[in-house]
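Residue-level structure breakdown
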Amino acid sequence: MLLLLPPTSLAALPRHDPVPGGVAVIDLGPEDHPPAVRYGEKRVLVLPRDGRWYAVVGLGLQEKPGPRTLEVRVEGGTPRRVTFEIGHREYETQRLTLKNRRMVNPYKKDLDRIARERKRILSALRHWQERPLSDLTFFRPAEGPLSSRFGLRRYFNDQPRKPHSGLDIAAPRGTPVVAPLDGTVIEAGDFFFNGRTLFLDHGQGLVTMYCHLEEMSVRPGDRVRAGEPIGRVGSSGRVTGPHLHWSVSLNGVMVNPELFLDAE
Ligand SMILES: [Zn+2]
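Residues numbered from 1 in each chain as written. Predicted model: local features only at pLDDT ≥ 70, side-chain atom pairs only at ≥ 80, totals over all residues. Heavy atoms only, no water.

1. Overview of unusual backbone geometry
One non-glycine residue, Asn157, adopts positive backbone phi at about 45°. Following the sequence through the fold, Asn157 ends up in the loop between strand S8 (153-156) and strand S9 (159-160). Located in the positive-phi region is Asn251, a residue other than glycine, with phi close to 40°. Here Asn251 lies in the loop between strand S17 (244-250) and strand S18 (253-255). (Helix = DSSP H or I, 4+ residues; strand = E, 2+ residues; numbered from the N terminus.)

2. Describing the environment of Glu92
With respect to the helices, strands and loops of the structure, Glu92 is situated in the loop between strand S6 (80-86) and strand S7 (93-96). Taking the C-alpha atoms as reference points, Glu92 and Phe260, 168 residues apart in sequence, are found 21 Å from one another.

3. Side note on the domain arrangement of the protein chain
Looking at the assigned domains, one finds that the protein chain contains domain 1 (2-86) and domain 2 (93-261). The straight-line distance from the C-alpha centre of domain 1 to that of domain 2 is 25 Å. In this assembly, 22 residues from domain 1 lie in contact with 22 residues from domain 2. The largest per-residue losses of area from domain 1 upon contact with domain 2 belong to Arg43, Leu45 and Leu61, which jointly make up 30% of the total buried on that side. The tally of links between domain 1 and domain 2 comes to 1 salt bridge. Ionic pairing is found between Arg43 and Glu130, a salt bridge with its closest N-O pair at 3.5 Å. Joining domain 1 to domain 2, the criterion identifies 7 residue pairs in polar contact (both at pLDDT 80 or more). Per element, the largest residue contribution to the side of domain 1 that touches domain 2 is 7 residues, and it comes from strand S3 (residues 42-49). (Domains from an automatic or database assignment. Contact = heavy atoms within 4.5 Å. Buried area = accessible area lost by both parts, 1.4 Å probe. Salt bridge = Lys/Arg side-chain N within 4 Å of Asp/Glu carboxyl O. Polar contact = N/O pair within 3.5 Å; in protein donor to acceptor, adjacent residues only side chain to side chain.)

4. Description of the coordination of the zinc ion
In the first shell of the zinc ion, the protein supplies His164 (NE2), Asp168 (OD) and His245 (ND1), at 2.0 to 2.1 Å from the metal. Donor residues for the zinc ion sit on one chain with the sequence pattern H-x3-D-x76-H. Here His245 lies in strand S17 and Asp168 lies in strand S10 (residues 167-169), a separation of 77 residues in the sequence. Each of the two residues, Asp168 as well as His245, counts as buried. (Donors = N, O, S within 2.8 Å, 3.2 Å for Na, K, Ca; no water. Buried < 20%, exposed > 50% of the residue type's maximum accessible area, 1.4 Å probe, protein only.)

5. Here's the deal with the sheet that holds S9
Sheet strands line up and pair through hydrogen bonds in the backbone, either parallel or antiparallel. Spatial ordering of the open sheet is given by S7-S8-S9, a layout of 3 strands whose pairing is mixed. A strand with exactly one partner marks an edge of an open sheet, and here the two such strands are S7 and S9. (Pairing = 2+ DSSP bridges.)

6. Focus: the nonpolar core
The biggest cluster of nonpolar side chains holds 36 residues, and the ones touching the most others in it are Leu136, Leu206, Tyr210, Ile230, Leu244 and Phe260. At 4 residues, S17 tops the list of elements feeding residues into this core. Here this core spans two domains, and each of domain 1 (2-86) and domain 2 (93-261) adds at least three residues to it. Setting aside its immediate chain neighbours within four residues, Phe260 contacts Pro14, Val23, Leu136, Phe138, Leu206, Val248, Leu250 and Val255. One finds Tyr39, Val44, Phe84 and Ile86 within the second-largest nonpolar core, a separate group that totals 16 residues. (Core = buried A, V, L, I, M, F, W, Y, C linked by side-chain atoms within 4.5 Å.)

7. Quick notes on the side chain of Thr208
With respect to the helices, strands and loops of the structure, Thr208 is situated in strand S14 (residues 206-216). You can call Thr208 buried: its relative accessible area is 0%. A polar contact of 2.8 Å, which involves the side chain of Thr208, links it to the side chain of His202. Separated by 2.7 Å, the side chains of Thr208 and Tyr210 make a polar contact.

8. Observations concerning the pattern of salt bridges
Taken as a whole, this structure holds 16 salt bridges when the rule is applied. Where Asp190 meets Arg196, a salt bridge forms, and the shortest distance between an N and an O atom there is 3.7 Å.

If you want it as structure tokens, here you go:
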């Protein structure tokens, strides 16, 4: 069994924060083979640490508090169910003013473009790549103070919009953006709201997104190592100033990126 595990027991896991928009880290116990885990219809990331397996489950902002079940299957074993509880989390409200009103109420011709881009974005974020992961120690993708946190309930020019599904790092234009973890570039584009945007696939449903870039230095198909530059901070798309908007998607839902910076 030990042959399947990394040489040290120090593999980092994100902080366990089982709330809407958070991550549940569930101990599955010792197994000889990686268990296949499902949360509803979705496959779930699993990681070995210290002789045990852990499921790392993304919980969407739309989740409601209450009990949930994971389905765990091990090669040659009987499927079993593991339960956990989603708690309550209240996110703050943020009001932003945009001078470019088209970014708040897009023109009719923009709506087609936005719909097409939404499909590309969702398809990248829901990507599943079968790949063993041994550690989730994240590099910070850009240096700078955290400005808007994940989950803020947003109003643009007093109109309600979707909650903030990433973390904003207020870095000056041109600041290098680096890959937080080894991965593959699976999508890149210049989108109406998100501006110049890159998507990295790290395997097992863990996908990260980098928006409003000034410049992108990698292309779809490129493999990147943790800490390697992928672009520079800018102000393309719907912004009030230069910053990096960074999103982390896990089993198809956006979760709080700070839980990965606090990996332990
Ligand atoms: Zn943002």
